[in-house]
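# Results of the structural survey
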Amino acid sequence: MTTVSAIALSLVFLPLGLAKIAAVPVMRQAAAHLGMSTRLYRVVGALEMAGVAGLLAGLSWTPLGGAAATGLALLMAAAAVVHLRHGDPPLRAAPAAVLALIAVTHAAATVS
């Protein structure tokens, strides 16, 4: 279970983190929409990439995977809040909320 969720989360966050770091146009637009600088959005991308590295390293050392999943869950919970505070409809915040829940589930599974 944890291997599947670690790989699935990594496959979601890897392209998103890379796109933020590369500041592709759609990510620059998203950052501007949320009132963030491109530099800050790149930091978010770097945090996502660190989470991916932690999830994958967690396949060998479980506590690291749990910590990485916890960090990604917090990051996504914050993203959902930011979307809602900027007046986005709940549907726009839902992907971040769902990813937060999946990450929390993964973190909980690593403790068991």
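So, a few notes on the structure that sits alongside this text. These figures come from a predicted structure and were not determined experimentally. (Residues numbered from 1 in each chain as written. Predicted model: local features only at pLDDT ≥ 70, side-chain atom pairs only at ≥ 80, totals over all residues. Heavy atoms only, no water.)

### Quick look at the overall build of the protein chain
In terms of regular secondary structure, the protein chain is built from 5 helices and 0 strands. Going from the N terminus to the C terminus, the protein chain shows its helices and strands as α-α-α-α-α. Relative to the compact-globule value of 13 Å for 112 residues, the protein chain shows a C-alpha radius of gyration of 14 Å, a close match. Expressed along its principal axes, the backbone C-alpha trace of the protein chain runs to roughly 40 × 25 × 15 Å. With 112 residues in all, the protein chain has 38% of them scored as buried. Approximately 6200 Å² of the protein chain is accessible, and the part contributed by carbon and sulfur atoms is 74%. (Helix = DSSP H or I, 4+ residues; strand = E, 2+ residues; numbered from the N terminus. Rg over C-alpha atoms; globule rule 2.2 N^0.38 Å. Buried < 20%, exposed > 50% of the residue type's maximum accessible area, 1.4 Å probe, protein only. Areas by Shrake-Rupley, 256 points an atom, 1.4 Å probe, with all protein chains shown as cover.)

### Notes on helix α4 (residues 62-85)
For α4, spanning 24 residues, the distance from its first C-alpha to its last is 35 Å, which sits close to the expected 34 Å at 1.5 Å a residue. If you follow the buried residues of α4, they end up packed against α1 (2-22), α3 (38-57) and α5 (90-111). Remark: Gly 87 follows α4 within two positions and exhibits a positive phi of approximately 85°. (Expected span 1.5 Å × (residues − 1). Contact = heavy atoms within 4.5 Å.)

### Concerning the nonpolar core
Counting residues in each nonpolar core, the largest one holds 19 residues, and the members touching the most others are Leu 9, Phe 13, Leu 55, Leu 72 and Met 76. Of all elements in the fold, only α1, α3, α4 and α5 reach the threshold of two or more residues within this core. A per-element tally of this core places α4 first, with 7 residues. Setting aside its immediate chain neighbours within four residues, Met 76 contacts Phe 13, Glu 48, Ala 96, Leu 99 and Ala 100. If you look at the next biggest cluster of nonpolar residues, it comprises 6 residues, including Ala 19, Met 27, Ala 30 and Ala 31. (Core = buried A, V, L, I, M, F, W, Y, C linked by side-chain atoms within 4.5 Å.)

### What to know about the pattern of salt bridges
Applying the stated criterion across every chain yields a total of 2 salt bridges. Notably, a salt bridge pairs Lys 20 with Glu 48, separated by 3.1 Å at the nearest N-O pair. With a gap of 28 residues between them, Lys 20 in helix α1 and Glu 48 in helix α3 connect regions that are remote in the sequence. There is no split in this pair, since Lys 20 and Glu 48 are both buried. (Salt bridge = Lys/Arg side-chain N within 4 Å of Asp/Glu carboxyl O.)

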